Every structure is written in C-alpha cells, then in structure tokens.
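Structural overview
One-letter residues, chain by chain:
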Amino acid sequence: MTRLVGQVQGSGHSPRKHRWFDAFAWLALAALILVTIAHLLTRPPPMPDYADVRANWQPSEAWLYDRDGRLLDSERVNFERRRLAWVPLKDISPAVRDAVVQSEDRRFWSHGGVDWLAVASAVRARLMRGGTGDRSRGASTLPMQLAAFLDPSLAQPGKRDWRTKIRQMRAGQALASGWTHDQMLEAYFNLVPLRGEAQGIDAGARSLFGKRPADMTRTDAALFAGLLPNPAAGAEALGRRACRAAKAKDCTAIRAAAATLVSGERAAQFDPALAPHLAVRLLDKPGKRVTTTIDRRIQTAAIVALRRQLAGLGSDRVRDGAVVVLDNATGDVLAYVGGVGLKSTAAAVDGANARRQAGSTLKPHLYAQVIEHGWLTAASILDDSPVQLDTASGLYVPKNYDRSFKGPVSVRNALASSLNVPAVRTLVIDDVQEFRDRLWALGYHGLVEDGEYYGFSLALGSAEVSLVEQANAFRTFANAGRWSPVHFTPGKAPQDERPIVSPAAAFIVGDILADATARADAFGADSALRLPFWAAAKTGTSKGMRDNWCIGWSDRFTVAVWVGNLEGDSMRAVSGTSGAAPVWRDVMLALHADRPGKPPTMPATVEARQISLPGTREPPRREYFLRGTAQAEMAAAPEVARRPRITSPLSGSVYALDPDIPIDRQRLAVTVSGAAAGYRLILDKKPAGDADTGLQILPRPGIHILTLVDPGGRTIDRVRFTVR
C-alpha cells in the first residue's frame with residue numbers, strides 16, 4: 001500500500017513545470033490584452049462606401065448654362081474649399097494617372113491597401129537613418145492617403161506616430177477590401193488637396209494649368225505629381241520633384257513650367273464669366289446647375305457692344321452700363337448684362353436689376369394711353385410753350401431738354417423729339433393716377449406710391465425703374481399691346497398674358513418711334529436710332545444726367561440699354577444718342593444679321609389719312625388714326641375759340657408785399673385769355689369784377705383763391721396764390 005501511494009505521487013508534474021506553465025499562461029494573457037488594446041487603439045474610423053462618397057460629393061460652385069447647354073458662368077457658394085464637378089477616371093489624362101501612381105504608389109494595382117515591401121523598406125531606412133527626406137509620404141499608399149482625405153482624423157497636423165500610421169494602414173486595407181482600384185484612384189483624384197484653396201483635379205487643372213483634366217500633358221502630369229507631397233512647395237522643390245516624376249534627362253522645360261505655375265501666370269478662370277450678375281441672381285446652392293434662356297452668342301455680342309462703348313466714352317464721362325435682350329414672342333431673356341467691369345467703382349452691382357430714374361422713357365406709355373382713349377391722335381396739336389402747374393409740393397415748371405420751345409407741335413413730333421412740356425400737358429389731359437396705374441400694369445412695380453406722390457413729373461420719368469422692367473414694358477408694344485412676364489429659364493408655357501394697350505395705340509406709338517423724320521429736329525436725320533430696317537426706339541436721360549436709356553424693338557426682339565454711374569454721380573457730356581443708343585444699335589444689327597426687321601401689320605382698328613397741319617412747322621403727311629377719329633386738317637384753335645382761363649396770377653405763385661411801397665400801389669393785375677366777355681372773377685368767394693376789364697386786385701397777406709365763372713355761374717378756371 002505504501003509503495004502504491006508513492007508511485008502515484010511520483011507520477012505528477014513537478015512544481016517547476018507548474019511555474020513555467022503558469023508564467024506562459026500569464027504571458028499569453030498579457031499579450032492578448034496588449035494586442036487587444038493595440039487593436040482598439042489603432043482601430044480606424046469606419047470607411048464609407050464608394051457610392052456614398054460619390055453621392056455626397058458637393059462642389060463649392062454652382063453653374064449657369066445658356067439655352068444650348070454651353071457654360072456661361074459659375075458662382076462660388078461654399079467658401080471652405082474650391083471644388084468643381086466630380087471627374088470620372090476616364091476623363092482624367094492617362095499621363096496624369098500614370099505619373100501619380102508611379103510617384104506615389106507604384107505597386108498600387110497589386111497590393112491590398114498596404115504596400116508591405118514599401119513598409120519594410122521604410123522601416124529599414126529609418127533604422128539605418130538613411131534617405132534624403134525629400135519623399136515625405138514614406139510608405140503611404142494611395143488607399144491610405146484616400147482614407148485620410150475621407151476622415152481627417154487619420155492625418156491630424158503634427159501627428160506622424162506609429163499609432164496614426166497603423167490606423168491609416170488598417171483604413172487603407174478596409175477601403176481596398178470594399179472598393180475597386182479604379183474607384184479608389186478616381187476618388188483620390190477628386191479629393192486630393194492642391195495648391196491654394198483648390199481641391200480635386202478639376203479645380204487644380206483649371207486653376208493651375210488652365211486646362212480640363214483630360215487635356216493635361218506629360219509635363220502637366222509631372223508637375224501635378226510633384227505637387228502632391230507638398231502643394232505649397234516653391235518653384236525649386238516643385239521642379240525637382242516633377243523632374244523625378246517625369247524621369248527626364250533634361251529638366252529645363254519642367255523647371256521653367258514649375259516657376260510659371262508657382263507664379264500663377266497660367267491660372268485661368270473656372271468659367272467664361274459671361275453672366276456674373278445673373279449667376280448671383282439664380283445660383284444659390286452648391287452643385288446647382290441652371291439652364292437659362294440666354295443665348296451665348298447674343299450675350300457675347302451685347303457684352304462686346306457695351307464694353308466698346310464704355311471704353312470709347314472713358315471712365316471720366318461714364319463708368320457703368322447694362323443690356324437686356326428679350327425674345328418678343330416668348331418673353332425669353334436672350335441676354336442679361338448687368339455690367340462689364342472695366343473701370344467701374346461698383347462692378348458687383350447688377351445694373352440690369354437696379355432701379356434708376358426713368359427719364360423720358362415713360363412718355364410712349366403716356367401717349368399710348370391718351371391715344372387709345374381717343375383724347376389725342378398722333379396729329380393732335382400740343383402747345384410747346386412755358387407752363388407752370390400748381391402741385392401739392394409747390395409750383396412745377398417743366399422745361400425741354402434744350403431749354404427751348406417749339407410752339408404748336410403735333411403729338412407725333414412731340415413724342416419722337418421727346419419734348420417735355422407737351423408730355424406734361426398730355427398728363428394733365430390724362431390723369432396722374434390713371435397713368436401710374438397703367439405703368440404698374442406694365443410691370444413697373446417700383447411705383448409703390450399713388451399718383452399724387454409722383455405728380456406731373458411722372459410724365460418726365462421721375463419714378464425709378466429697372467432695365468428688365470423697361471424691356472418688358474416696351475415688348476408690350478411689339479406684341480400689339482399684350483403683356484406677359486419674362487422668363488430666365490426655358491420650358492415655361494406662356495402665362496399671365498393679358499392685353500394692356502390697345503393694338504391700335506401700340507401700332508401708332510411704334511410707328512412714331514420708328515419715324516426718323518419726326519425726330520430729326522431733336523436727334524438729327526441720321527442718329528444712332530436709325531437702322532437699315534424697321535425698328536422703334538426711345539431714349540431718355542434722367543435728372544442731373546445720372547442715367548441714360550435707349551429701349552426699342554423690332555418684329556422679333558426688344559433691346560434695352562442703360563448707361564450711367566452706379567454710385568449715382570452725374571455723367572459728363574453723355575446724351576441719349578451718344579450714350580446708350582450706340583450700344584442699342586450695335587446689338588440690334590447683330591441680332592438681325594441674318595434677317596432684317598419687318599414693320600408691323602396695321603390693325604383693322606387703324607386707318608391712314610393724308611393730313612395738313614397749318615400753323616405748325618410740319619409739312620403735310622400721311623398719318624395714322626384710330627378708326628373714326630381721322631381728320632384731314634389739324635390746326636391750333638384760334639384764341640377766341642379757346643376756353644377762357646386765368647393766365648395771371650399763376651397758380652401756386654407767391655407774392656410779397658414791400659413795406660417801403662404804399663399799399664395801394666401794390667395791386668396785382670389779373671389777365672384772362674380767350675373770349676371772356678360776360679365772364680366774372682370771384683376772389684375768396686366774393687365778386688371781384690368782370691373778367692374782360694383788366695381787373696387789378698389788392699389782396700391781403702394770406703392764401704387766396706381766384707375763380708373764373710361763365711355767364712351761367714359755372715366754374716371755368718381756378719388758381720391759388722399766396723401773398724406775404
């Protein structure tokens with residue numbers, strides 16, 4: 001029994017073996033814990049799918065295209081980085097693809113995210129303290145770099161320790177396991193940060209090389225690859241890296257190209273910059289692509305015409321201008337030029353959308369309104385002589401542009417020559433509120449006040465309007481009086497079309513504004529408004545020479561031009577025919593190079609009649625009338641046939657009594673024009689005497705009302721004046 005027990009005890013493990021086993025177990029457990037900790041510490045962030053990266057790509061730009069899909073302009077919307085459209089790998093120059101792979105990761109197509117041979121070489125070089133240090137990326141592969149682009153925590157500035165490197169390696173392996181090599185290379189080219197604020201090959205190729213990615217040469221490819229280790233490198237370092245990437249024996253040309261790139265001399269625009277103001281107006285989201293109604297050919301012609309005119313006039317005379325071209329039939333905006341820069345001091349302001357004082361450009365709408373009402377005809381005689389009107393803000397005394405008066409003139413000559421006094425007299429015949437409402441209906445929506453606010457000066461364009469509003473209001477004449485909104489984007493069906501002006505009035509006003517003979521007194525026989533085909537046009541200049549307009553139409557197009565100074569200072573030596581009109585003429589000629597404009601067809605509601613105008617300087621002519629209003633002779637009514645009216649004192653006048661002159665010698669003479677026999681004057685509701693006796697009154701200080709009444713007691717005229 002004793003021996004058996006001893007044998008059993010002798011068959012067990014020795015204490016030393018137990019200790020070795022326990023130590024090994026503890027070491028294994030510690031190693032497992034360390035590996036687990038290292039695994040957790042070096043765990044990379046989750047990598048997205050290629051499809052998600054592609055779908056979430058958001059350019060910093062938005063793009064504007066013309067009606068045929070040609071690029072007009074772009075607008076920077078995101079200012080963090082400058083990114084353009086995502087470029088597929090097939091649209092990148094093969095020379096660039098090869099240069100980057102050879103320079104950054106020459107075994108890219110064969111490894112699974114980590115180049116272990118490069119890692120071993122890098123470790124060996126580190127241990128031996130070799131290498132020049134020029135290649136700052138070491139064993140970093142394209143998938144590893146791409147992982148850092150996708151998650152910046154993998155490449156935080158100043159952190160190049162072993163943990164960061166292992167996290168990049170694991171992230172690169174994760175990408176390689178879920179992405180194809182083509183997908184990784186394509187994403188790399190689109191996400192890589194480049195010189196300045198450019199990100200991705202599209203922004204880099206266009207800003208640094210002035211080319212599309214597909215058009216880059218072998219020299220461009222070498223420079224692109226040379227930029228990757230350090231996009232901010234100077235010319236010498238960049239030339240050295242590019243030369244190595246190109247494996248060139250003679251690097252003279254590459255070094256010269258590197259110097260040019262660093263200097264920025266080859267930098268190019270991201271777009272043609274043909275419609276910057278419209279881009280600001282329509283582009284508001286990153287990546288947005290807007291196809292417009294703009295015709296790039298017409299837009300370019302308008303820019304050239306405006307730029308040439310402003311350069312010719314000189315910035316000491318005028319600095320800014322704008323052009324809008326409309327398609328009459330559709331309302332499509334074919335050209336929208338808000339400015340052309342040059343020496344403008346407010347180049348960012350959109351001159352086509354800014355509200356400026358209209359000047360004489362509102363007169364055609366006024367005459368159209370009174371003609372369609374039958375209150376005047378194109379042959380009616382208006383008195384172009386001094387006039388003073390009593391208004392709520394005081395006495396209004398309109399004057400013509402040249403400060404002269406023509407006497408009796410027809411409506412045709414008054415409108416064609418843009419005479420101010422006849423226009424004001426016409427507004428008196430019409431009504432300020434009615435005219436203001438007509439302008440609102442035509443789309444002049446800056447006129448937010450009622451007629452009383454604007455007063456009679458509205459006939460001379462005291463209101464502020466935009467160039468787009470001007471163009472579309474005049475387009476109404478071209479469309480026989482039918483108004484519809486303009487369109488900046490295609491595909492919209494005609495909407496909200498409605499008649500505003502009668503076809504007859506639109507035809508007659510158009511014929512007047514196309515009549516070179518009628519405007520010869522004011523503009524000369526061969527002004528810029530005269531074209532080799534039918535076209536109607538109206539110029540205008542605002543108060544203080546701050547704005548100059550020319551708006552006109554043919555059978556197919558309406559062109560509106562404004563020149564002036566956007567900061568509001570006056571122009572120097574610029575008039576309607578020397579400022580905006582030459583631009584209008586050049587654009588019109590370009591628009592009709594293939595087919596001249598044709599005159600409109602006379603509506604059935606219009607009739608033509610040969611007339612004479614005795615008492616005026618105008619010769620007999622053929623004139624157009626609303627059917628039923630034609631006359632063979634138009635003459636000013638004789639004085640005796642005119643309605644009597646008070647001509648002195650003038651309404652709104654202020655008279656001051658002189659304390660040094662006896663009061664009974666300071667009487668005020670009252671004069672009445674016309675046949676006034678039997679008419680009486682009433683001063684402040686008290687009889688003052690007969691109207692035809694040369695009455696003299698002695699009013700006391702204060703406001704007085706002088707009334708003229710006919711033999712039946714009906715009020716014929718009334719004036720208000722003040723004595724102080």
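Here, every reference points to the structure presented above.
Okay, so let's go over this structure. (Residues numbered from 1 in each chain as written. Predicted model: local features only at pLDDT ≥ 70, side-chain atom pairs only at ≥ 80, totals over all residues. Heavy atoms only, no water.)

A word on the overall build of the protein chain. Each helix and strand in the protein chain was counted, giving 23 helices and 29 strands. The buried share among the 724 residues of the protein chain stands at 49%. Counting only contacts in the protein chain whose residues sit at least 6 apart along the sequence, the fraction spanning at least 24 positions is 68%. In the form shown here, the protein chain has an accessible surface area of approximately 35,000 Å², with 53% of it arising from carbon and sulfur atoms. (Helix = DSSP H or I, 4+ residues; strand = E, 2+ residues; numbered from the N terminus. Buried < 20%, exposed > 50% of the residue type's maximum accessible area, 1.4 Å probe, protein only. Contact = heavy atoms within 4.5 Å. Areas by Shrake-Rupley, 256 points an atom, 1.4 Å probe, with all protein chains shown as cover.)

What follows concerns the state of the cysteines. Scanning the entire structure with this criterion turns up one disulfide. Here Cys 243 is linked by a disulfide to Cys 251, with a sulfur-sulfur distance of 1.4 Å. Each of the two residues, Cys 243 as well as Cys 251, counts as buried. (Disulfide = S-S within 2.5 Å.)

Considering all chains together, one arrives at 32 salt bridges under this definition. Between Arg 82 and Glu 61 there is a salt bridge, with the nearest N and O atoms lying 2.9 Å from each other. One end of the pair, Arg 82, is in strand 3 (residues 82–83); the other, Glu 61, is in strand 1 (residues 61–65), with 21 residues separating them in the sequence. Relative accessible area serves as the criterion here: at 0%, Glu 61 is assigned to the buried category. Close ionic contact of Arg 319 with Asp 569 constitutes a salt bridge, the shortest N to O distance being 2.8 Å. Placement of the pair is Arg 319 in the loop between helix 14 (296–313) and strand 6 (320–327) and Asp 569 in the loop between strand 18 (557–564) and helix 23 (581–591), with a sequence separation of 250 residues. Asp 569 gets classed as partly exposed once you look at its relative accessible area, which sits at 32%. A single salt-bridge network, built from bridges that share partners, covers Arg 412, Asp 511, Asp 515, Glu 618, Arg 621 and Glu 623. (Salt bridge = Lys/Arg side-chain N within 4 Å of Asp/Glu carboxyl O.)

This part is about the packing of aromatic side chains. Per the stated rule, a full pass over the model turns up 14 aromatic pairs. Look at Phe 507 and Tyr 624: their rings are 5.1 Å apart centre to centre, the planes differ by 85°, and that puts the pair in the edge-to-face class. In this pair, Phe 507 is assigned in helix 21 (residues 503–513) and Tyr 624 in strand 20 (residues 621–626), connecting sequence segments 117 residues apart. Tyr 624 sits in the buried class, given a relative accessible area of 17%. With a centroid separation of 6.1 Å and an interplanar angle of 80°, the aromatic rings of Tyr 655 and Phe 721 are classed as edge-to-face. One end of the pair, Tyr 655, is in strand 22 (residues 654–655); the other, Phe 721, is in strand 29 (residues 715–723), and 66 residues separate them in sequence. For Tyr 655, a relative accessible area of 27% corresponds to the partly exposed category. Ring pairs connect the aromatic residues Phe 149, Tyr 188, Phe 189 and Phe 224, which therefore count as one cluster. A cation sits over an aromatic face here: Arg 83 above Trp 57, 5.8 Å from the ring centre. In this structure, Arg 289 is placed above the aromatic ring of Trp 63, and the distance from its NZ or CZ to the ring centre is 4.4 Å. (Phe/Tyr/Trp six-rings, centres within 6.5 Å; stacked < 30°, edge-to-face > 60°. Lys NZ or Arg CZ within 6 Å of the ring centre and 35° of its normal.)

Spatial ordering of the open sheet is given by 2-1-5, a layout of three strands whose pairing is mixed. Taken across any chain shown, the strands that pair with only one partner, and hence form the sheet edges, are strand 2 (71–76) and strand 5 (289–291). Between one strand and the next, the sheet's axes are offset by a mean angle of 15°, whatever the strand orientation. Strand direction decides the pairing type here: strand 1 and strand 5, joined by three bridges, are parallel. Residue Leu 64 lies in a different strand from strand 5, and its bridge partner there is Val 290. (Pairing = 2+ DSSP bridges. Axes fitted to C-alpha atoms, helices over the stretch in contact; angles between N-to-C directions.)

With that out of the way, let us pick up the nonpolar core. Core analysis: the largest hydrophobic core is formed by 115 residues, its most contacted members being Leu 458 and Trp 584. Counting residues per element, this core draws most heavily on helix 21, which supplies eight residues. Discounting residues that sit within four places of it in the chain, Leu 458 has contacts with Leu 362, Leu 427, Val 432, Phe 435, Arg 436, Leu 439, Leu 447 and Ala 463. With 54 residues, the next largest nonpolar core counts Trp 86, Val 96, Leu 175 and Ala 258 among its residues. (Core = buried A, V, L, I, M, F, W, Y, C linked by side-chain atoms within 4.5 Å.)

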